[in-house]
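One-letter residues, chain by chain:
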Amino acid sequence: TLKYFTDGNTMGEDYQGPRSLEALEQFASDTLNKKCIVGSEEEMAKDTSLCSDKERDYAKKMRGKTVEEQKAQIERLENLKNGKMK
């Protein structure tokens, strides 16, 4: 059984589709590789934004920060992404 996990789903779901490489790649692209489209609170609340509650909450929190605080957070996240922790 193949299981896949989406945001907030700790139990996972059984994959029921075909097992060919092409089918799995298509499933991953269509189902698992969805990115949140960041915008205004109204834009992010739409289903088409593909944003989770966690992503919406984070964006709302960051909107309340100063430009300097936002830049510092971006730098921190880039360092984490590149394996550099202070």
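Keep in mind it's a predicted model, so treat the numbers as computed, not measured.

Considering all chains together, one arrives at two aromatic pairs under this definition. Plain terms: the ring middles of Tyr4 and Phe27 are 4.9 Å apart, the flat faces sit at 75° to each other, and that makes the pair edge-to-face. Of the two residues, Tyr4 is situated in strand 1 (residues 3-4) and Phe27 in helix 1 (residues 21-32); the sequence distance between them amounts to 23 residues. What makes Tyr4 buried here is its relative accessible area of 15%.

Looking now at the confidence of the model for the chain. A residue-level look at the chain finds 98% of positions with pLDDT of 70 or above and a mean pLDDT of 89. Looking at the elements of the chain, mean pLDDT is at its lowest for helix 2 (residues 41-45), recorded as 88, and at its highest for strand 2 (residues 13-14), recorded as 93.

Tallying each qualifying case throughout the model produces one disulfide. Covalently, Cys36 is tied to Cys51 through a disulfide, its sulfur atoms 1.9 Å apart. Between Cys36 and Cys51, the S-S torsion sits near 80°, and that sign places the bridge as right-handed. Within this pair, whereas Cys36 is found in the loop between helix 1 and helix 2, its partner Cys51 is found in the loop between helix 2 and helix 3 (53-63), the two being separated by 15 residues in sequence. Judged by relative accessible area, Cys51 falls into the buried class, the value being 9%.

Quick look at the side chain of Gln73 now. When you line up the elements, Gln73 lands in helix 4 (residues 67-81). Since its relative accessible area comes to 16%, Gln73 is described here as buried. Only 2.8 Å separates the side chain of Gln73 from the side chain of Tyr58, close enough to count as a polar contact. Residues in contact with Gln73, not counting those within four places in the same chain, are Tyr58 and Met62.

Cut-offs applied
- Residues numbered from 1 in each chain as written.
- Predicted model: local features only at pLDDT ≥ 70, side-chain atom pairs only at ≥ 80, totals over all residues.
- Heavy atoms only, no water.
- Phe/Tyr/Trp six-rings, centres within 6.5 Å; stacked < 30°, edge-to-face > 60°.
- Helix = DSSP H or I, 4+ residues; strand = E, 2+ residues; numbered from the N terminus.
- Buried < 20%, exposed > 50% of the residue type's maximum accessible area, 1.4 Å probe, protein only.
- pLDDT = per-residue confidence, 0-100.
- Disulfide = S-S within 2.5 Å.
- Polar contact = N/O pair within 3.5 Å; in protein donor to acceptor, adjacent residues only side chain to side chain.
- Contact = heavy atoms within 4.5 Å.

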